[in-house]
Amino acid sequence: MPNVGGPKESSRRLPGTVVPSIMLNAAPIWKEAMVTISYRRQMISVYRRVFLRTVSAFQTVSYEAVCVIARMSPVELLVEERKHYGRRLHFSRKEKRKISIDQWQQRLRLQIPGGGLTC
């Protein structure tokens, strides 16, 4: 898909939701692989490319920025969130999602000079 013109956001968003679902389908099984840096880097690379196309951004946009613009959590947090789905823990899915979002916001605050969010 071209960066200028091309399909609308709704059409671009479809691959941006399908591809992560396929990638995270077996997250409870391969969650230990995310500890290895090379495997994590490969997963982030695919995830980032999908969202670059989804938001119609250029390659110079950072991984965190693409995730924010695409309104999707980083893949590492999604893997952590989904690895507990099969287990019966005392957290509901909504609570786990909130924990993931809080972790993501904390990570973004550490990366932004000045330490605050603009929104």
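Look a little higher up for the structure.
What comes next is a walk through the structure.

A few points about helix α1 (residues 9–23)
- Taking 1.5 Å per residue as the helical rise, α1 with its 15 residues ought to reach 21 Å, and the 22 Å between its terminal C-alpha atoms agrees with that figure.
- For α1, the set of buried residues is Arg12, Gly16, Pro20 and Met23. When α1 is viewed along its axis, its buried side chains cluster within an angular range of 60° and face the same direction. Seen from the buried face of α1, the exposed residues on the opposite side, beyond 90 degrees, are Ser10, Leu14 and Ile22.
- Summarising the contacts, the buried residues of α1 are in contact with α2 (27–30) and α3 (37–54).

Re the packing of aromatic side chains
- Counting across every chain of the model gives 2 aromatic pairs.
- Pairing Tyr47 with Phe51 gives two aromatic rings, centres 4.8 Å apart and planes at 75°, and the pair type is edge-to-face. Pair noted here: Tyr47 and Phe51 are both in helix α3, with a separation of 4 residues, about one helical turn. Assigned by exposure class, Tyr47 and Phe51 land together as buried.
- The interplanar angle of 65° and the centroid separation of 6.4 Å between the aromatic rings of Tyr47 and Tyr63 together place this pair among those described as edge-to-face. Residue Tyr47 is found in helix α3, and its partner Tyr63 is found in helix α4 (residues 63–70); the two are separated by 16 residues along the sequence.
- Under the relative-accessibility criterion, Tyr47 is labelled buried at 1%.
- Chaining the aromatic ring pairs together yields one cluster made of Tyr47, Phe51 and Tyr63.

Scoring rules and cut-offs
Residues numbered from 1 in each chain as written. Predicted model: local features only at pLDDT ≥ 70, side-chain atom pairs only at ≥ 80, totals over all residues. Heavy atoms only, no water. Helix = DSSP H or I, 4+ residues; strand = E, 2+ residues; numbered from the N terminus. Expected span 1.5 Å × (residues − 1). Buried < 20%, exposed > 50% of the residue type's maximum accessible area, 1.4 Å probe, protein only. Arc of directions from axis to C-beta. Contact = heavy atoms within 4.5 Å. Phe/Tyr/Trp six-rings, centres within 6.5 Å; stacked < 30°, edge-to-face > 60°.

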